[in-house]
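# Topology and contacts: notes
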Amino acid sequence: MSFVRRAFALVLSLLLVAACRPALPGEASPSASSIAGALIPSQPMSVVYHLPGAPSGLHAPFAFMTQEEALSAAEITVSIATPAVGVDPFAGAEDPVIVDLYVASPAAALSAREAGSDLVLIAGLAQQADWRLVTPVSSGITDIAGLAGQSIFVHGLPGDAATALAALSAAGVDLTSLSLTYATDLSSSFDPTPILDGTYAAAIVSSVDGWPRMVQGPDLVTGASVGVQGLVEFSITPTTFDTGLAIWAHASALASDDAKIAAAASLVALTEGLAFCRDSIEDCAALFLGIGTSDQDQETLVWSVNALNSQLWPAANGVLWIDIDGITNAVATAVSAGVLTGSFKNEYVDGSVLALAESHWPEGLDRNGEGWTVLSLEIPLY
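The present account deals with the structure reproduced in this document. (Residues numbered from 1 in each chain as written. Predicted model: local features only at pLDDT ≥ 70, side-chain atom pairs only at ≥ 80, totals over all residues. Heavy atoms only, no water.)

## With respect to the overall build of the protein chain
- Of regular secondary structure, the protein chain possesses 11 helices and 10 strands.
- A compact globule built from 382 residues would reach a C-alpha radius of gyration of about 21 Å, and the protein chain, at 21 Å, matches this within 12%.
- Seen along its three principal axes, the alpha-carbon backbone of the protein chain occupies a region of about 65 × 50 × 40 Å.
- For the protein chain, the residues scored as buried account for 53% of the 382 residues in total.
- Once local pairs closer than 6 in sequence are excluded, the contacts in the protein chain between residues at least 24 apart make up 81%.
- Per element, the accessible surface of the protein chain, about 15,300 Å² overall, is 54% carbon and sulfur. (Helix = DSSP H or I, 4+ residues; strand = E, 2+ residues; numbered from the N terminus. Rg over C-alpha atoms; globule rule 2.2 N^0.38 Å. Buried < 20%, exposed > 50% of the residue type's maximum accessible area, 1.4 Å probe, protein only. Contact = heavy atoms within 4.5 Å. Areas by Shrake-Rupley, 256 points an atom, 1.4 Å probe, with all protein chains shown as cover.)

## Observations concerning the sheet that holds strand β8 (residues 202-206)
- A sheet is described by the order of its strands in space; here 5 strands give the open sequence β7-β6-β8-β5-β9, paired in mixed fashion. The sheet terminates laterally at β7 (179-182) and β9 (231-234), the two strands that pair on one side only. Looking at each pair of strands side by side, their axes are set apart by 30° on average, direction ignored. (Pairing = 2+ DSSP bridges. Axes fitted to C-alpha atoms, helices over the stretch in contact; angles between N-to-C directions.)

## Points about the side chain of S294
- Relative to the elements of secondary structure, S294 occurs in the loop between α8 (281-291) and α9 (298-312).
- For S294, a relative accessible area of 15% puts it in the buried group.
- A distance of 3.0 Å separates a polar side-chain atom of S294 from the backbone nitrogen of Q296.
- When sequence neighbours within four positions are dropped, the list of residues in contact with S294 reads P55, F288 and L301. (Polar contact = N/O pair within 3.5 Å; in protein donor to acceptor, adjacent residues only side chain to side chain.)

## Comments concerning the state of the cysteines
- Applying the stated rule across the entire model yields 1 disulfide.
- Here C277 is linked by a disulfide to C284, with a sulfur-sulfur distance of 2.0 Å. The chirality of the disulfide connecting C277 with C284 is right-handed, given an S-S dihedral of about 75°.
- Overall, C277 belongs to the buried group, its relative accessible area being 2%.
- On the basis of relative accessible area, C284 is assigned to the buried category, the value being 0%. (Disulfide = S-S within 2.5 Å.)

## Quick look at the sheet that holds strand β3 (residues 98-104)
- Read across the open sheet, the 5 strands follow the order β2-β1-β3-β10-β4; overall the sheet is mixed. Across the chains shown, the open sheet's two edge strands, defined by having one partner strand only, are β2 (76-81) and β4 (119-124). On average, each strand axis in the sheet is tilted by 30° relative to the strand beside it, whichever way the strands run.
- The sheet contact formed by strand β1 (residues 45-50) and β2 spans 6 bridges and is parallel. Opposite H50, over in β2, you have A81 as the bridge partner.
- Strands in contact with helix α3 (residues 106-114) are β3, β4 and β10 (246-250); relative to β4, the strand with the most contacts, it is inclined by about 160°.

## Here we look at the packing of α3 against helix α10 (residues 324-336)
- Orientation of α3 relative to α10, taken along the N-to-C sense of each, is 70°, at an axis distance of 9 Å. For the element pair α3 / α10, the angle class is roughly perpendicular. For the element pair α3 and α10, the recorded crossing hand is right-handed. For the pair α3 and α10, contact is made by P106, A107 and L110 and by I327, A330, V331 and A334, respectively.
- In the contact of α3 with α10, the residues fall into 7 nonpolar, no polar and no charged. (Parallel < 35°, antiparallel > 145°, perpendicular 65-115°, else oblique. Left-handed = near helix turned anticlockwise from the far one by under 90°. Nonpolar A, V, L, I, M, F, W, Y, C, P; charged D, E, K, R; others polar.)

## Examining the packing of aromatic side chains
- Counted according to the given criterion, the structure contains 6 aromatic pairs.
- Taking 5.5 Å as the distance between ring centres and 55° as the angle between the ring planes, the aromatic pair formed by F90 and Y102 counts as tilted. Taken together, the residues span a long stretch of sequence, with F90 in the loop between β2 and β3 and Y102 in strand β3 at a distance of 12 residues. Both residues of the pair, F90 and Y102, count as buried.
- Ring plane angle 75° and centroid distance 5.5 Å describe the contact between F344 and Y348, whose orientation is recorded as edge-to-face.
- By relative accessible area, which is 13% here, Y348 ends up buried.
- One aromatic cluster is present, formed by F153, F190 and Y200 through successive ring pairs. (Phe/Tyr/Trp six-rings, centres within 6.5 Å; stacked < 30°, edge-to-face > 60°.)

## Focus: the side chain of Q311
- Among the structural elements, Q311 can be located in helix α9.
- For Q311, a relative accessible area of 3% puts it in the buried group.
- One polar contact links Q311 to D130, side chain to side chain, over a distance of 2.6 Å.
- In this view, Q311 contacts L125, A126, Q127, Q128, D130, S207 and V208; residues no more than four positions away in its chain are not counted.

Everything listed is a geometric property; what it means functionally is a separate question.
Now the structure itself:
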């Protein structure tokens, strides 16, 4: 079946199952074209998902929401934003009809909270930390302790280096000896050249996007991709199971019922997108590629979505479940690295949005992905 026909069949199935969902007391009957059923705010609302970098495989399930217009019948629009240069990545619109949601690691979100933000966790996402610490073979550095006193580029938000810094500290590296440089423009695709040419000794990059770009980066002599064999990756797996990316919102932005309803409806739509990218990975990549915002090819995007899926599935408790233990561990890792100063607190969680979404999952939606296994794929080289 062609991509277009599969996409049409998927959308049609969403329309059919939506009509089967129960209505909220006092709510109008939902339109069959809204996959979130009775989650209908009293006025048109906009939900903006702020993703922590330039277009990559992470964006694909979110792009599904924006392209399928799954919530249009409820007059809820969903859009994607990337960090802008010189703008606080957790700055909200402060508009009652706009709900800003942020996809970020616990360390990054809580770094912002320690700086005065009122961010709260509303849903989980990745079940494991996403970061890799890597250097080119040409650097001559063969073990993690060899990074002492070196310059490291961090392709992430402040706080995202926590897992790597904790591993470096555990290896005996004096963290004050390191020179960390954070990306100034996360809206632009990661360029591995400054790491491959020795400007920086190493880089901290995401598994989904930065890692494949490192692998595909040009060898300074041949110009061809350095490949996995041209890189040294240091193990930075935390001693405890740290959860990865999660979804956050400003507590003040969730004060109204309309804001909570819109946010919950978007979580329903996102879950559809995540399941679509799990079960139809090539179509998922093709849909995102068709938008025209990615600079990667279809094969690389498929690899990237597969890497994202490996962090999501199978989900024993259902995707978007809030793993308090995993979040607590991630925060403890960040504290040990000096990135955060305090432990995780229950007040940092607002479970009301996810609870609202959980009462309106479309019939038959598989939120667990039981039996899913990661595909054996290789990053394409050039």
